[in-house]
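# Chains, contacts and geometry: an overview
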Amino acid sequence: MDRFVQFLRRQLDIDLELLRVARQDAETGAAHACLITPIRGFRECELKSRLLATHHHCGTGGGPCDELGESYPPEDERGCPTRALLGLPYADRPGYIARWRP
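To start, this report covers the structure provided alongside it. Since the model is a prediction, treat every value here as computed from it, not as a measurement. Throughout, residues of each chain are indexed from 1 in the direction in which the sequence is written. Restriction of local features to residues with pLDDT of at least 70 applies here, the model being predicted, together with a cutoff of 80 or more for giving and counting side-chain atom pairs; totals for whole chains, interfaces and linings are based on all residues. With hydrogens and water excluded, all non-hydrogen atoms of the structure serve as input to the side-chain values.

With that settled, consider the overall build of the protein. Helix and strand assignments follow DSSP, with helices taken as H or I runs no shorter than four residues and strands as E runs no shorter than two, numbered in order from the N terminus. The helix and strand inventory of the protein stands at four helices and zero strands. Secondary structure elements in the protein, listed N-terminal to C-terminal, are α-α-α-α. The principal-axis extents of the C-alpha atoms in the protein amount to approximately 50 × 25 × 15 Å. Taking all contacts inside the protein whose residues are at least 6 apart in sequence as the whole, residues at least 24 apart take part in 50%. Accessible surface is estimated by sampling points in the Shrake-Rupley manner with a 1.4 Å probe; for residues, cover comes only from the protein chains shown. Summed over its atoms, the accessible surface of the protein is roughly 6,500 Å², and 55% of this surface lies on carbon and sulfur atoms. Counting 14 positive and 15 negative side-chain charges, the protein places the centres of these two groups 3 Å from one another. The contact criterion used is simple: two residues touch if any of their non-hydrogen atoms lie within 4.5 Å. The charge count includes Lys and Arg as positive and Asp and Glu as negative, but it does not include His or the ends of the chains. By convention, the point assigned to a charge is CZ for Arg, NZ for Lys, CD for Glu and CG for Asp.

By definition here, a salt bridge exists when the distance from a side-chain nitrogen of Lys or Arg to a carboxyl oxygen of Asp or Glu is within 4 Å. Summed over all chains, the structure comprises seven salt bridges. Arg 93 is paired through a salt bridge with Asp 15; the nearest N and O atoms lie 2.6 Å apart. With Arg 93 in the segment after helix H4 (81-87) and Asp 15 in helix H1 (residues 2-28), this pair connects stretches of sequence that are 78 residues apart. Residue Arg 93 is classed as partly exposed on the basis of its relative accessible area, which comes to 21%. The partner of Arg 78 in a salt bridge is Asp 76, and the shortest N-O contact between them spans 2.7 Å. Here the two residues Arg 78 and Asp 76 agree in accessibility, since each one is buried. In this structure, a network of salt bridges that share partners links the residues Arg 3, Glu 77 and Arg 99. Relative accessibility decides the category of a residue: with a 1.4 Å probe and only protein chains considered, values under 20% of the type maximum give buried, values over 50% give exposed, and everything between is partly exposed.

Don't take any of this as a statement about function, it's just geometry.
Here it is in structure tokens:
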């Protein structure tokens, strides 16, 4: 389970860095295309970070999805469907493992 969470946190860090660069470029007038505004991107990263923190213990018996009976078994690194969905946008990035797909 830790490897998947580490992967997700690393991807969020990468997204945040790309957004910082996009915001700096926008402030300095540099012309680089960004599909979303930096503020929206930061909000999305915050959302993903909060969801990941909320579902941190899913799959261990102590998470919200465990209480609902919706978590994966402890040997499944994803933990729960919510965490699996959080990883989906990063399926094309190096390090993503196909079995992590929801």
